[in-house]
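Residue-level structure breakdown
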Amino acid sequence: MFFSVFVCLQGSDNELKAEKEGVSDSESKVDSGVPEVPVPPDDTPEVLNKALSGLSSRWKNWWVRGILTLAMISFFFFIIYLGPMVLMMIVLCVQIKCFQEIITIGYSVYHSYDLPWFRTLSWYFLLCVNYFFYGETVTDYFFTLVQREEPLRILSKYHRFISFALYLTGFCMFVLSLVKKHYRLQFYMFGWTHVTLLIVVTQSHLIIHNLFEGMIWFIVPISCVICNDIMAYMFGFFFGKSPKGCCKTWEGFIGGFFSTIVFGIMLSYVMAGYRYFVCPVEFNNDSNSFQVDCEPSELFQLQDYFLPSMLESVTGWTTVRLYPFQIHSIALSSFASIVGPFGGFFASGFKRAFKIKDFANTIPGHGGIMDRFDCQYLMATFVNVYIASFIRGPNPTKVIQQLLALRPDQQLYIFNSLKAHLTEKGLLPALEEAAAA
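The written sequence of each chain sets the order in which its residues are numbered from 1. The predicted nature of this model means local features are confined to residues of pLDDT at least 70 and side-chain atom pairs, given and counted, to a pLDDT of 80 or more, with totals for whole chains, interfaces and linings taken over all residues. With hydrogens and water excluded, all non-hydrogen atoms of the structure serve as input to the side-chain values.

Inclusion rule: UniProt positions are given in the numbering used here, feature names are shortened, and annotations may be inferred rather than shown by experiment.
Under an unreviewed UniProt entry, the name given to the protein chain is Phosphatidate cytidylyltransferase, and the source organism is Astatotilapia calliptera. What UniProt states about the protein chain under its Sequence similarities (unreviewed entry) heading is, verbatim, "Belongs to the CDS family." In its Subcellular location (unreviewed entry) section, the UniProt record describing the protein chain reads: "Membrane".

Digging into the pattern of salt bridges
How we decide: In what follows, salt bridge is the name for a side-chain nitrogen of Lys or Arg lying within 4 Å of a carboxyl oxygen of Asp or Glu. Where helices and strands are cited, they refer to DSSP runs of H or I of at least four residues and of E of at least two residues respectively, numbered from the N terminus. Summary of the burial criterion: residues with accessible area below 20% of their type's maximum are buried, those above 50% are exposed, and those between are partly exposed, where the area comes from a 1.4 Å probe applied to protein chains only.
Enumeration over the complete set of coordinates arrives at 10 salt bridges. Among the salt bridges present, the one from Asp-304 reaches Arg-321, with a minimum N-O distance of 3.2 Å. Of the two residues, Asp-304 is situated in strand E3 (residues 303-306) and Arg-321 in strand E4 (residues 319-322); the sequence distance between them amounts to 17 residues. Of the residues examined, Asp-304 reaches a relative accessible area of 47% and is grouped as partly exposed. Judged by relative accessible area, Arg-321 falls into the partly exposed class, the value being 46%. Asp-371 serves as the salt-bridge partner of Lys-351, at 2.6 Å between the closest nitrogen and oxygen.

Regarding the packing of helix H16 (residues 341-353) against helix H17 (residues 369-391)
Threshold: Here an angle of 0 to 180 degrees is reported between the N-to-C directions of two axes, which are lines fitted to C-alpha atoms, with helices fitted over the stretch in contact. Geometric relationships in this document are graded by angle, where less than 35 degrees denotes roughly parallel, more than 145 denotes roughly antiparallel, 65 to 115 denotes roughly perpendicular, and other angles denote oblique. Each crossing is labelled by how the near helix is turned from the far one, with a counterclockwise turn of less than a right angle marking it left-handed and a clockwise turn marking it right-handed. Contacts between residues were defined by any pair of non-hydrogen atoms, one from each residue, lying within 4.5 Å. Throughout this entry, Asp, Glu, Lys and Arg are counted as charged residues, while Ala, Val, Leu, Ile, Met, Phe, Trp, Tyr, Cys and Pro are counted as nonpolar. The remaining residues, Gly among them, count as polar.
At a minimum axis distance of 7 Å, the contact between H16 and H17 shows a crossing angle of 130 degrees. Considering their axes alone, H16 and H17 lie oblique with respect to each other. Judged by the sense of rotation from one axis to the other, the crossing of H16 with H17 is right-handed. Between H16 and H17, the residues in contact are Pro-341, Gly-343, Gly-344, Ala-347 and Lys-351 and Asp-371, Asp-374, Cys-375 and Leu-378, respectively. Among the residues forming the contact of H16 with H17, the class breakdown is four nonpolar, two polar and three charged.

Considerations on the state of the cysteines
Quick reminder of the rule: In this description, a disulfide is simply a cysteine sulfur pair whose atoms lie within 2.5 Å.
Inspection of every chain in the model, using the stated rule, returns one disulfide. Cys-227 provides the cysteine sulfur closest to Cys-224, a residue in no disulfide bond, and the two sulfurs are 6.9 Å apart. Given a relative accessible area of 0%, Cys-224 falls into the buried group.

Focus on the packing of aromatic side chains
Geometry of an aromatic ring pair is reported as the spacing of the ring centres plus the angle between the planes. The following threshold applies: Each Phe, Tyr or Trp ring (for Trp, its six-membered ring) is paired with any other whose centre lies within 6.5 Å, and the angle between the two planes then decides the class: stacked below 30 degrees, edge-to-face above 60, tilted in between.
With the rule as written, the count across this model stands at 26 aromatic pairs. The interplanar angle of 25 degrees and the centroid separation of 4.3 Å between the aromatic rings of Phe-174 and Phe-190 together place this pair among those described as stacked. Separated by 16 residues along the polypeptide, Phe-174 in helix H9 (residues 159-177) and Phe-190 in helix H10 (residues 183-212) bring together distant segments of the chain. For the pair formed by Phe-174 and Phe-190, the shared burial category is buried. Their ring planes at 40 degrees and their centres at 6.4 Å tell us that Phe-373 and Tyr-377 sit as a pair that is tilted. In this pair, Phe-373 and Tyr-377 both sit in helix H17, four residues apart, roughly one turn of the helix. Overall, Phe-373 belongs to the partly exposed group, its relative accessible area being 23%.

Focus on a nonpolar patch on the surface
Spelled out, the test is: Patch membership needs two things, relative accessible area over 30% and no salt bridge, and members are linked within 9 Å if like-charged or within 5 Å if nonpolar (Val, Leu, Ile, Met, Phe, Trp, Tyr). Computed with a 1.4 Å probe, the accessible areas rest on the Shrake-Rupley method; for each residue, only the protein chains presented here act as cover.
A cluster of nonpolar side chains, namely Trp-250, Phe-253, Ile-254, Phe-258, Ile-338, Val-339, Phe-342 and Phe-345, defines an oily patch on the protein surface of about 830 Å² accessible area. Among the elements of the structure, helix H12 (250-271) and H16 are those that each provide at least two residues to the nonpolar patch. Looking at the nonpolar patch element by element, the count peaks at four residues for H12. Within the secondary structure, Trp-250 sits in helix H12. Owing to a relative accessible area of 66%, Trp-250 belongs among the exposed residues under this scheme.

So, in structure tokens, the structure goes:
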């Protein structure tokens, strides 16, 4: 939407240019059309170019994408094995790289205008936003550690004020950097930076929140998007009617949808049986390390489900044993197949607006990191909203953490209020008798 407004603004500026005086040559240069971004060179490894030199460009691209896809999937399994802390660091690295790719496009378009402090302020705002989000996460999930260390306690208490002060500093720096000949361009880029922060940083922060709910909420959605991307490409390549063998065909869409549903159900069944994947990621204050151990909730315990009469007549089964999470995985897979690709469509529209094929050439055959994660960010937002709406309930641990941060008189007031409430409900005598027994 932002870039549609961006282009519309350029068109409206052309109409008003004749009516206004004092418009600089540099601004009218922008109004003449969307500047082109330099096309990055082909970065396919030489060994692959030699091995596949006898193939047509269509099949060469298929093999390059396939080999690099297998390499990325292997790397994904490896970082899962390394644990949640490494996964969080990888998410942060991916976020920074995606931000760099989008900001670089803006700089490539407008570098000839010598905009002051553009890249410096862009990275400064990235630092501010990450400080805010990760500070909130540390306060939320590492409460005991924060309360134990005096410097952390002070930073936690005034965290939002410090975050606002940092952002306000960057805002003032931007105002001071305004140059008379470049007002419009500078405000374009100010909006560019903030929309990039909204798309990349905010949603990558949600990925980390999903991870804390349990690694299964991180792995299954990401895997569903990957599966849909691969299967849509495969069905489109082999069964699609497009002469280019493109994955964006009806055959690819339908094949990717059903394949992703089946894959999500099967992957969920395998992972739901392991505590390492289903337990929330928590920080152990005694060992100062993350731990993934708990008694699995009902969501990850096998239950019997009665089949509809139509399916019963086909299969001959009356009931089927499933994990409740497998039912939820159908919703995740459906979103990954139907709505998730719109993140890719949005990214494609952005690239077409600036006449580029890929955000970068980091991964041969695939483009940049942003080209691989355009759907993942939208998926992460859906999973976070889904958990908050249908899965997560009140968290007693966080309530106790907040109570421990109160003054003794406030804690005593809450204790007396809770005691009176339990007595009124008739629960307190029963609890006292159970404790005495």
